[in-house]
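Below are the chains, spelled out letter by letter.
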Amino acid sequence: MNKVILAGRLTKDPEVRYTQTGLAVASFTLAVNRRFTKEKDKQQADFIPIVVWDKLAEVCGNYLVKGTQVLIEGRIQIRNYDAKDGSKRYVTEVIAQSVEFMGSKSITNTGGAVPEAAKSFGSEVPPDEEIPF
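Residues numbered from 1 in each chain as written. Predicted model: local features only at pLDDT ≥ 70, side-chain atom pairs only at ≥ 80, totals over all residues. Heavy atoms only, no water.

Thoughts on the overall build of the protein chain
Part 1 of the argument: Looking only at helices and strands, one finds one helix and seven strands in the protein chain.
Part 2 of the argument: Secondary structure elements of the protein chain occur, N-terminal to C-terminal, as β-β-β-β-α-β-β-β.
Part 3 of the argument: In the protein chain, buried positions account for 35% of the 133 residues.
Part 4 of the argument: Put simply, of all contacts in the protein chain between residues at least 6 apart along the chain, 62% involve residues at least 24 apart.
Part 5 of the argument: Only carbon and sulfur atoms are counted for the fraction: they give 48% of the accessible area of the protein chain, which is about 8,700 Å². (Helix = DSSP H or I, 4+ residues; strand = E, 2+ residues; numbered from the N terminus. Buried < 20%, exposed > 50% of the residue type's maximum accessible area, 1.4 Å probe, protein only. Contact = heavy atoms within 4.5 Å. Areas by Shrake-Rupley, 256 points an atom, 1.4 Å probe, with all protein chains shown as cover.)

A few points about the environment of Asp54
Part 1 of the argument: With respect to the secondary-structure elements, Asp54 resides in helix α1 (residues 54-63).
Part 2 of the argument: Judged by relative accessible area, Asp54 falls into the partly exposed class, the value being 28%.
Part 3 of the argument: Here the alpha-carbon distance between Asp54 and Ala24, two residues 30 residues apart in the chain, equals 4.8 Å.

Rendered as structure tokens:
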């Protein structure tokens, strides 16, 4: 079983792009605080790359901004590619299948409240699409 649930804050605004077939894909990094730390006076966090597809990607692009607190449910994916220097690179990321907006802070780019329908939104990940970045 490959299932992951994360709660954290966006480190920057989502970047939305489109595949050659016109499918939206959004990417952002989620800062997730570690529950237990060795140094009690310093909070530590992991910075996890998130990829969101289709309509959910457009919703994220429209309503999420840096600092927004979200709950992500999805799966871990590891992919690889050949770099320009000929070395093999590996990328580990979470493919989000649902995103739930958390917190009471206004999170739209225009300063308004998030529509109720956009607070929790799920989507199936499309198969075999090329990520355009």
